[in-house]
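These are the residues of each chain, in order.
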Amino acid sequence: MKTPLLKLTGINKSFGPIDVLHDISLDVHAGEVLCLLGDNGAGKSTLIKILSGVHKPSSGLMELDNKPVSFEGPSEASEQGIATVHQFGGTFPLMSIGRSFFVGAEPTRRWGPFTIYDRARANGIAVKEMRELGITRIDDGDRLVGGLSGGERQALAIARAVHFGAKLLILDEPTAALGVKEAAHVLRIVLQARQKGIAVVFITHNVIHALTVGDHFAVLIRGAKAADFRKGEKSREEITDLMAGGEQMAELEAEIESYMVTGEGHPEPAKHAH
Ligand SMILES: Nc1ncnc2c1ncn2[C@@H]1O[C@H](COP(=O)(O)OP(=O)(O)O)[C@@H](O)[C@H]1O
Ligand SMILES: [Mg+2]
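Predicted model only: the values in this text are computed from it and were never measured.

**Quick notes on the overall build of the protein chain**
- Secondary structure summary: the protein chain contains 9 helices and 12 strands in total.
- Dimensions of the protein chain, computed from C-alpha atoms along their principal axes, come out at roughly 85 × 60 × 40 Å.
- Put simply, the protein chain has 274 residues, and 36% of those count as buried.
- Long-range contacts, defined as pairs at least 24 residues apart, comprise 68% of the intrachain contacts of the protein chain with a sequence gap of at least 6.

Right under this line is the structure:
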C-alpha cells in the first residue's frame, strides 16, 4: 500500500467545553476520492477546516507526504497544495470571473515603469480552464461571478485549484444546492480532478453522489468516525442506515410498528362530512 498524501491520527477538536471531533484517524490518497459522509452537525465541516488550516486540532497528528504538519492559517495550507471550496460558496459575487480566478495571484504585465494587472491574460486563462472542465457557456472573463449558476461557481473554484497545482482538493457539499444536471456536471469534474492524480475529499450527505464518485468512504456520527470502507464493500442501504445513525432508524421503525399494532397515536382516517 502506497503512503497516503494526507494522514490523520487521533485528531480531536473542542471549542471551549464543546467536543466536536473525537479521535479521528483517516488516510487520503493521491488520485482517489474520499467521501466524507454524515448527518448535519456530525462534524464534517469542522474536520475539513482542520485540513485547510482554518482551525487547529486540539490534539492529534496530521501528516502531509509523511511529514507532520501544522497550519497557522488557510494560506499555509494552500501553499502546501491544499485547495478548499467551503460550503456555501467562497467566491465573490461582485468580482469578475478572471479576477476571482486569480485572486491573490494576479498575472501582471509591465506598462512603462508600472506593473499592472493583466486583465486580458487573467480572463483568457480563466475561460480556458473552465472550458477544459466542460463549462462552455462562459466566453467572457469580465462577467461577474454572481451571474454564474451554482454548478458553474463550483467549476470555477475547481478549475482554479487545478490550475494552481492543488494536490488535495476539498469540496464541502458541492452538489447540495444543485439540480440533477448541474450536480452530474460537478461530479464529472470531480472525476476529472481525480484523473489528474489529485486527491479529493468530497463531502456530501447524498449517498448516490458519494457512490458515483467515491473510492473510499468515511462516515462521521456525532464527531466520531463510525465507519471507513472502500468502494463495493457496503450497499447503498447500509450506508444510508449508517448515516442516519442505524439505531435511531431501528428505533423509529419499532415505534411505527407499535402504532400499527395498538392503533395508539394513529389517527382515524378523516371522515368527510357531506
Ligand atoms: N466555532 C464553533 N464553535 C462551537 N461549536 C462549533 C463551531 N463550529 C462548529 N461547531 C459545532 O460542531 C458541530 C459540528 O458542526 P459541523 O462541523 O459544521 O457539522 P457538519 O458540517 O457535519 O454539518 C455542530 O454541533 C456545531 O454547532
Ligand atoms: Mg457542514
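Additional details are given in the paragraphs that follow.
**Some details on helix 6 (residues 180-195)**
- Look at helix 6: 23 Å from first C-alpha to last across 16 residues, which is about the 22 Å you get at 1.5 Å a residue.
- Where the residues of helix 6 are buried, they touch strand 3 (33-38), helix 5 (150-163), strand 9 (168-172), strand 10 (199-204) and helix 7 (207-213).
- Just downstream of helix 6, Gly-197 is the residue with a positive phi angle, here 90 degrees.

**Quick word on the pairing of strand 2 (residues 18-28)**
- Relative to strand 2, strand 1 (residues 6-15) runs antiparallel, the two being bridged by 7 bridges. By the bridge assignment, Ile-11 is partnered in strand 2 with Ile-24.
- If you look at the hairpin formed by strand 1 and strand 2, you'll find 2 residues sitting between the two strands, and Gly-16 has a positive phi there, around 55 degrees.

**Considerations on the site of ligand 1**
- The full set of residues close to ligand 1 is Phe-15, Ile-18, Val-20, Gly-38, Asn-40, Gly-41, Ala-42, Gly-43, Lys-44, Ser-45 and Thr-46.
- Listing elements by their share of the shell around ligand 1, those giving two or more residues are strand 2 and helix 1 (44-51).
- It is helix 1 that provides the largest number of residues to the shell around ligand 1, a total of 3 residues.
- For the shell around ligand 1, the residue count by class is 4 nonpolar, 6 polar and 1 charged.

**With respect to the packing of helix 5 against helix 6**
- Viewed as axis vectors pointing N to C, helix 5 and helix 6 meet at an angle of 10 degrees, and their least axial separation amounts to 9 Å. Between helix 5 and helix 6, the interaxial angle falls into the category roughly parallel. Contacts between helix 5 and helix 6 pair Gly-150, Gly-151, Gln-154, Ala-155, Ile-158 and Val-162 from the former with Glu-182, His-185, Val-186, Ile-189 and Ala-193 from the latter.

**Observations concerning the pairing of strand 10**
- Counting buried positions along strand 10 gives 6 out of 6 residues, so the element sits mostly inside the fold.
- Side chains Ala-199, Val-201 and Ile-203 project from strand 10 onto one buried face, and the interleaved Val-200, Phe-202 and Thr-204 project onto a second face that is buried too.
- Across 5 bridges, the pairing between strand 3 and strand 10 is parallel. Residue pairing in the sheet places Leu-37 in a bridge with Thr-204 of strand 10.
- Examined bridge by bridge, strand 9 and strand 10 share 5 bridges and lie parallel to one another.

**Structural notes on the nonpolar core**
- Among the nonpolar cores identified, the biggest contains 70 residues, and Leu-169, Val-200 and Val-201 are the most heavily contacted of them.
- When residues no more than four places from it in sequence are discounted, the contact partners of Val-200 are Val-33, Leu-34, Leu-169, Leu-171, Val-190, Ala-193 and Arg-194.

**Looking at helix 1**
- Buried residues dominate helix 1, accounting for 6 of its 8 residues.
- Phi turns positive, to about 80 degrees, at Gly-53, one or two residues after helix 1.

Reading the values: rules and limits
Every chain's residues receive numbers from 1 upward, in the order its sequence appears when written. Going through the entries in the order they are written, you letter the chains from A and number the ligands from 1. Since the coordinates come from a predicted model, pLDDT governs what is reported: local features require at least 70, and pairs of side-chain atoms require 80 or more to be given and counted, while whole-chain, interface and lining totals use all residues. The way it works is that DSSP assigns letters per residue, a run of H or I at least four long becomes a helix, a run of E at least two long becomes a strand, and they are numbered from the N terminus. Here a residue counts as buried when 20 or more other C-beta atoms fall within 10 Å of its C-beta, as exposed when 12 or fewer do, and as partly exposed in between; the C-beta atoms come from the backbone. Contact criterion: two residues are in contact if their C-beta atoms, reconstructed from the backbone, are within 7 Å. To estimate how far a helix should extend, the number of its residues minus one is multiplied by 1.5 Å. Two strands qualify as a pair provided DSSP detects at least 2 bridges between them. Nearness here has a simple definition: the residue's C-beta atom, placed using the backbone, must lie within 6 Å of the molecule or strand. When residue character is reported, Ala, Val, Leu, Ile, Met, Phe, Trp, Tyr, Cys and Pro are called nonpolar, Asp, Glu, Lys and Arg charged, and the others, Gly included, polar. Between the N-to-C directions of two axes lies an angle of 0 to 180 degrees, each axis being a line fitted to C-alpha atoms and, for a helix, fitted only over the stretch in contact. Roughly parallel covers angles under 35 degrees, roughly antiparallel covers those over 145, roughly perpendicular covers 65 to 115, and oblique covers all other angles. What we call a nonpolar core is a set of buried Ala, Val, Leu, Ile, Met, Phe, Trp, Tyr and Cys residues whose membership is set by joining through C-beta atoms within 7 Å.

Geometry only, nothing functional implied.
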